[in-house]
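Fold and geometry: a report
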Amino acid sequence: MAEQRSYKAQKLIERLPAKVNRQAMLSLEACVHCGLCTDQCHYVLANPGDLTYAPAYKADRLRKLFKAHLDWTGKVFPWWVGAKSIYTDAELEELKDTVFGKCTNCRRCSLNCPMGVDMASFNRIARGLLVHVGVMPDGVAAVAKDQWEIGNQMGVLPEDYLDTIQWVEEELREEYKDPSISIPVDKEGPDVVYAINPREVKYDPRTIGEAAAIFHYAGENWTMPSQGWDMTNFGLFNGDDELGGAVAGRVYDAVERLRGKKLVLSECGHGYRSTRCEGPNWARRDLPFETESAIITMLRYVKEGRIKVDKAKNALPVTYHDSCNMARSCGITEEPRELLKLVCTDFREMYPNRAENYCCTGGGGAMSMSEYSARRLKSAKIKADQLRATGAKVVVTSCHNCVDGLFDLIRHYKLDMQVKLLVNLVSSALVVPVRPRVKPLSGYRILVVDDEPDVRVYLGRIFEDHGAEVVEAPDANQAMRAIVQQKPDLMTLDLVLPKKTGEKLYWELKKDERFKDIPVVVISGYARIDFPKIDFAGFLREKGLSQPEGFLEKPVGPEQTIAAVVKALGSAKTGK
Ligand code: SF4
Ligand code: SF4
């Protein structure tokens, strides 16, 4: 009697033809079971004699299904070719344990297979099949849910993201004593749109600040998007191409919405591979912009002299851990070394390295699967030995995920070593140009529109004291004439004006292609959006206008006014 299949097993079998593409079929047929890949795997090295960790054994889990359902040989000689289907939920659980708990999809075995068999791609396919029927570790389900529903894999809420950026910006100004530093959000027409890993918002916001300081001192025209900012992609780990396409698509949408020329990706191996290499296929899109890793961007800044660095500031011995996705899958091996040699004095190579390096053992989403932690840390012994042999005090990597994997194993194996990212070292080596104390508004022309002469004089004095050239207008008509003739860099606007209101003037400015990019700071007694007399927010909505770059309610103090104006100039599309 034919064996009865569970509902989930049946659904998994039905899904099989859609997941196993021609390339995978070729690869599934190609294995000659030579065993050359076996000791390439860190799990095998940590578990000698246990063949369930061998790459070929793990690949056979999928191969047996393929033979049973998709290959004619399996239908004719099933016993000869090892065809075997799957029937019970217990078998699904066993498959889950193998593909999630015994492989980090690091591709080290793939690289060392003479037949070109890509074990990691089978593993991803098998994960995708299980995810399709809801069989996966709880952590994987939770992270994928957050990325689907909240838009990033750590469930960071939009307000927390924006608050963190604002807080980091304030800290930076304080740290560098430089009020002109800004972290522009949703600035249109930038040369660089910078997308990050949500871990930076949640656990390590200093990396956002470090990157911002580097962009600032390089004089980059850059921005961060308010949406579509998560460049990580759990679709790579859980084998769900639909999730992969949706997540990558959000980042691409952000760059296109802002009309960015280049997407720069923060340091994250799988994020880089997903967004730069796999994402366009998953999302089925051609991209009208370039994508590059922040490693390349930072290296270019240093080599072109856009930022100055002093390697003596990083004197501890440093080694480099190649992220599997960055090095083995995407070929970025030389640029991080070149950069490291420019920003630190004692760089020591780790062996083996580059594409032959061992996984940090936290890859493939392993850090989200707590049930396999003991197994993961046991398999990390080879990595710990590699690290220890360098004698370095700092291991640098270019992946936030590797930071967590390495941190965990360093603690477990009691190594005397810190983990850092390249951005940490570039930032600490940064030599900030000592400039003559420049007034923050030097070189800017500001139009002050207000019907009260006292206010015009008061604001004009503040701006002139901070280096600006000031133009005044008591009403909307004179303001428009001044805009046409004097082309100010920014306008402060009172909403309550005689004859024609400030709202009307704002509308005229923003619908005029020539002037729509001039930033506006509303300084009005009726600036509050909830004030009953003028419904400015409603007016903006009705006319489909963007928010002004700043809002202040009278009376205003000098510091508050200067901060708002500097910020508005910093987030403008054209700046000096
Ligand atoms: S995957 Fe490649 S290296 Fe491994 S057993 Fe098969 S043919 Fe040999
Ligand atoms: S992909 Fe990496 S973890 Fe998976 S079997 Fe191959 S070497 Fe082992």
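Residues numbered from 1 in each chain as written. Chains lettered and ligands numbered in written order. Predicted model: local features only at pLDDT ≥ 70, side-chain atom pairs only at ≥ 80, totals over all residues. Heavy atoms only, no water.

**Examining the site of ligand 2**
Taken together, the neighbourhood of ligand 2 is formed by Cys41, His42, Tyr43, Pro55, Lys58, Cys103, Thr104, Asn105, Cys106, Arg107 and Cys109. Those elements giving two or more residues to the shell around ligand 2 turn out to be α3 (42-46) and α4 (55-69). Considering only residue class, the shell around ligand 2 consists of six nonpolar, three polar and two charged. (Near = heavy atom within 4 Å. Helix = DSSP H or I, 4+ residues; strand = E, 2+ residues; numbered from the N terminus. Nonpolar A, V, L, I, M, F, W, Y, C, P; charged D, E, K, R; others polar.)

**Digging into unusual backbone geometry**
With an omega of -10°, the peptide bond running from tyrosine 351 to proline 352 counts as cis. For proline 352, the position within the fold is in the loop between β7 (347-348) and α20 (373-379). With an omega of 0°, the peptide bond between lysine 554 and proline 555 qualifies as cis. The residue proline 555 is located in the loop between β15 (550-553) and α28 (558-570) in this model. The phi torsion at histidine 33 lies on the positive side, around 55°, for a residue other than glycine. Position of histidine 33 among the secondary structure elements: in the loop between α2 (22-30) and α3. For histidine 33, a relative accessible area of 47% corresponds to the partly exposed category. (Buried < 20%, exposed > 50% of the residue type's maximum accessible area, 1.4 Å probe, protein only.)

**Considerations on the sheet that holds strand β3 (residues 262-265)**
As summarised here, the arrangement of the four strands in space is β2-β1-β3-β4, forming an open sheet in which the pairing is parallel. Of all the strands in the sheet, just β2 (222-223) and β4 (290-293) have a single pairing partner and so form its edges. Those strands touched by helix α13 (residues 206-217) are β1 (192-195), β2 and β3, and its axis lies near 170° from that of β1. (Pairing = 2+ DSSP bridges. Contact = heavy atoms within 4.5 Å. Axes fitted to C-alpha atoms, helices over the stretch in contact; angles between N-to-C directions.)

**Re the pairing of strand β9 (residues 418-421)**
Here β9 shows a buried face lined by Val419 and Leu421 and an unburied face lined by Gln418 and Lys420. Two elements, strand β8 (residues 394-397) and β9, share four bridges in a ladder whose sense is parallel. Paired with valine 396 across the strands is lysine 420, a residue of β9. With helix α22 (residues 400-412) bridging β8 and the parallel β9, this β-α-β connection has right-handed handedness. (Right-handed = clockwise from strand over helix to strand, strands pointing away.)

**Concerning the confidence of the model for the chain**
Per-residue pLDDT for the chain has a mean of 93; in total, 97% of the residues score no lower than 70. Confidence drops under pLDDT 50 across residues 527-531; counting only partners more than four residues distant or on other chains, this segment forms eleven contacts. (pLDDT = per-residue confidence, 0-100.)

**Structural notes on the pattern of salt bridges**
According to the stated counting rule, one finds 46 salt bridges in the structure shown. In this structure, aspartate 346 and arginine 348 form a salt bridge, with 3.0 Å as the shortest nitrogen-oxygen distance. Given the relative accessible area of 24%, aspartate 346 is considered partly exposed. With relative accessibility at 29%, the residue arginine 348 sits in the partly exposed group. Counted as one network, the salt bridges with shared partners bring together Asp322, Glu334, Arg337, Glu349 and Arg354. (Salt bridge = Lys/Arg side-chain N within 4 Å of Asp/Glu carboxyl O.)

**With respect to a nonpolar patch on the surface**
Together, Trp72, Val76, Phe77, Trp79 and Trp80 line one region of the surface with nonpolar side chains, adding up to about 720 Å² of accessible area. Among the secondary structure elements, those contributing two or more residues to the nonpolar patch are α5 (72-76) and α6 (78-81). Relative to the helices and strands, tryptophan 80 is located in helix α6. Overall, tryptophan 80 belongs to the exposed group, its relative accessible area being 70%. (Patch = residues over 30% accessible without salt bridge, like charges linked within 9 Å, V, L, I, M, F, W, Y side chains within 5 Å. Areas by Shrake-Rupley, 256 points an atom, 1.4 Å probe, with all protein chains shown as cover.)

**Re the side chain of glutamate 349**
One can find glutamate 349 in the loop between β7 and α20. Beyond its immediate sequence surroundings of up to four residues, glutamate 349 is in contact with Thr319, Arg337, Arg354 and Thr390.

**Some details on the site of ligand 1**
Neighbouring ligand 1 are Cys31, Val32, His33, Cys34, Gly35, Leu36, Cys37, Ala56, Cys113, Pro114, Met115 and Val117. In terms of residue class, the shell around ligand 1 is made up of ten nonpolar, two polar and no charged.

**Concerning helix α21 (residues 381-390)**
Those residues of α21 that fall on the buried side of the exposure criterion are Lys383, Ala384, Gln386, Leu387 and Thr390. For α21, the angular spread of buried residues about the axis comes to 160°, placing them on one side. Two residues or fewer after α21 comes glycine 391, characterised by a positive phi angle close to 70°. (Arc of directions from axis to C-beta.)

**A few points about the environment of aspartate 163**
Relative to the assigned elements, aspartate 163 resides in helix α11 (residues 158-176). Of the residues examined, aspartate 163 reaches a relative accessible area of 48% and is grouped as partly exposed. With 38 residues separating them along the chain, aspartate 163 and valine 201 place their C-alpha atoms 9.7 Å apart.

**Considerations on the packing of aromatic side chains**
Taken as a whole, this structure holds 13 aromatic pairs when the rule is applied. For the ring pair phenylalanine 77 and tryptophan 79, a centre distance of 6.3 Å and an interplane angle of 90° mean the geometry is edge-to-face. Taking the relative accessible area as the measure of exposure, phenylalanine 77 reaches 35% and is therefore partly exposed. Among the residues examined, tryptophan 79 registers a relative accessible area of 67% and is labelled exposed. Among the aromatic residues, ring-to-ring pairing joins Tyr194, Phe215, Trp222 and Tyr301 into one connected group. (Phe/Tyr/Trp six-rings, centres within 6.5 Å; stacked < 30°, edge-to-face > 60°.)

**Here we look at helix α16 (residues 269-283)**
Roughly 50° is the biggest bend found in α16, and it falls at cysteine 277, with proline proline 280 one to four residues downstream. Of all the 15 residues making up α16, eleven are buried; the element is thus mostly covered by neighbouring parts of the structure. Residues of α16 that are buried: Gly269, His270, Gly271, Tyr272, Arg273, Ser274, Thr275, Gly279, Pro280, Trp282 and Ala283. Tucked inside the fold, the buried residues of α16 contact α9 (119-132), α14 (234-238), α15 (241-258), β3, β4 and α18 (324-329). Backbone geometry just downstream of α16 places arginine 284 in the positive-phi region, at approximately 50°. (Bend = angle between axes of the 7 residues up to and from the residue.)

**Some thoughts on the packing of α4 against α9**
Contact geometry for α4 and α9: axes closest at 9 Å, N-to-C directions at 45°. Relative to α9, α4 is oriented oblique. Viewed along their axes, α4 and α9 form a crossing whose handedness is left-handed. When α4 is examined against α9, the residues Pro55, Lys58, Ala59, Leu62 and Arg63 are found in contact with a partner set consisting of Met119, Phe122, Ile125 and Leu129. A class-by-class count of the residues in the contact of α4 with α9 yields seven nonpolar, no polar and two charged. (Parallel < 35°, antiparallel > 145°, perpendicular 65-115°, else oblique. Left-handed = near helix turned anticlockwise from the far one by under 90°.)

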